[in-house]
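In case you want the letters, here they are:
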Amino acid sequence: MQLSSSVTTRMHYQHKTILEIIDGLSDEQIRRNIWPGKWSIFEIIVHLQSYQHTFVARVNEILKGETPLFSSYTAEADPLFLDNCAKNTSDVIHDMLTMRKKMTAELLSFPECDYDKLGIHPLFGKMKLADWMNFFLVHEGHHLFIIFKMAAEQKKAAL
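Summary of the structure given here.

Criteria and cut-off values
- Residues numbered from 1 in each chain as written.
- Predicted model: local features only at pLDDT ≥ 70, side-chain atom pairs only at ≥ 80, totals over all residues.
- Heavy atoms only, no water.
- Pairing = 2+ DSSP bridges.
- Helix = DSSP H or I, 4+ residues; strand = E, 2+ residues; numbered from the N terminus.
- Salt bridge = Lys/Arg side-chain N within 4 Å of Asp/Glu carboxyl O.
- Buried < 20%, exposed > 50% of the residue type's maximum accessible area, 1.4 Å probe, protein only.
- Expected span 1.5 Å × (residues − 1).
- Contact = heavy atoms within 4.5 Å.
- Phe/Tyr/Trp six-rings, centres within 6.5 Å; stacked < 30°, edge-to-face > 60°.
- Axes fitted to C-alpha atoms, helices over the stretch in contact; angles between N-to-C directions.
- Parallel < 35°, antiparallel > 145°, perpendicular 65-115°, else oblique.
- Left-handed = near helix turned anticlockwise from the far one by under 90°.

## Section: the pairing of strand β2 (residues 125-128)
Piece 1. Pairing between strand β1 (residues 118-121) and β2: 4 bridges, direction antiparallel. Residue Leu118 lies in a different strand from β2, and its bridge partner there is Lys128.

Set out below in C-alpha cells:
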C-alpha cells in the first residue's frame, strides 16, 4: 500500500502548527490551566510529544508482523509524560520537533508492504499501519484544535 500525500505531508508539517498557535503567549500563559479539570496548553504539548515515543514503539511492534493488540494509551500512566511535565516548554517542543523529524524519516522510508501490516486498536480493531499513521495524525490534529481554542482565549483575555 502506498501512503497518500495527505499522510506524508501532515507527518512532515502538521505538528509545527503548535509554534504558530502559541506564538505571542508567555510561558505562564502556556502553563495556565484555563479550563478547570482539563489540561493546560503545556500539558497537551507534553502529551503530543510523549505519545510520539509510544507511537514509535507501537510501529515497531506492528512491523514484526504478529498483529499486536495494544491497550489504550493513558498519558497519566506514561512515565515519560509525567517526567516531561517537569521540563521547560522549549525543551519539550525541541524534543517533539527532533523526534518527529526522525520518526517521519523512518516511517516514510518503509517498503510499501509494511504499511499493510496490522495492529489491533482496543476501540477500532484491526488497522493497517497506514491507518495507524492516519489515526496518529487525526489525534494530533484534535489536540492542535484544542490548543488553538485555548491560545485564542488567552490572547483575547490579554487585550
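## A look at the pattern of salt bridges
Once their charged atoms are close, side chains differing in charge can pair, the charge on each being opposite to the other.
Piece 1. With the rule as written, the count across this model stands at 6 salt bridges.
Piece 2. As a salt-bridge pair, Asp27 and Arg31 come within 3.0 Å of each other at their nearest N and O atoms. Residue Asp27 and its partner Arg31 are located together in helix α3 (residues 27-31), separated by 4 residues, close to a single helical turn.
Piece 3. A relative accessible area of 36% places Asp27 in the partly exposed class.
Piece 4. A salt bridge links Lys64 to Glu61, with the shortest nitrogen-to-oxygen separation between them at 2.9 Å.
Piece 5. For Glu61, a relative accessible area of 32% puts it in the partly exposed group.

## Structural notes on helix α6 (residues 89-107)
Piece 1. With 19 residues, α6 extends 26 Å from end C-alpha to end C-alpha; this agrees with the ideal 27 Å at 1.5 Å per step.
Piece 2. Buried residues in α6 make contact with α1 (5-13), α2 (17-22), α3, α4 (41-63), α5 (79-84) and α7 (129-158).

## A word on the packing of aromatic side chains
Piece 1. Per the counting criterion, the structure on display carries 9 aromatic pairs.
Piece 2. Relative to Phe136, the ring of Tyr51 lies with its centre 6.1 Å away and its plane at 20 degrees, an arrangement referred to as stacked. Pair noted here: Tyr51 is in helix α4 and Phe136 is in helix α7, with a separation of 85 residues, a long-range link. Taken as a pair, Tyr51 and Phe136 share a single burial class, namely buried.

## Section: the environment of His142
Piece 1. By the element assignment, His142 lies in helix α7.
Piece 2. Since its relative accessible area comes to 44%, His142 is described here as partly exposed.
Piece 3. Taking the C-alpha atoms as reference, His142 lies 24 Å from Glu106; in sequence the two are 36 residues apart.

## Let's talk about the packing of α1 against α7
Piece 1. For the pair α1 and α7, interaxial distance at closest approach is 10 Å and the crossing angle is 50 degrees. Relative to α7, the element α1 is oriented oblique. For the pair α1 and α7, the crossing hand works out as left-handed. Contacts from Val7, Arg10 and Met11 in α1 reach Met133, Asn134, Phe136, Leu137 and Val138 in α7.

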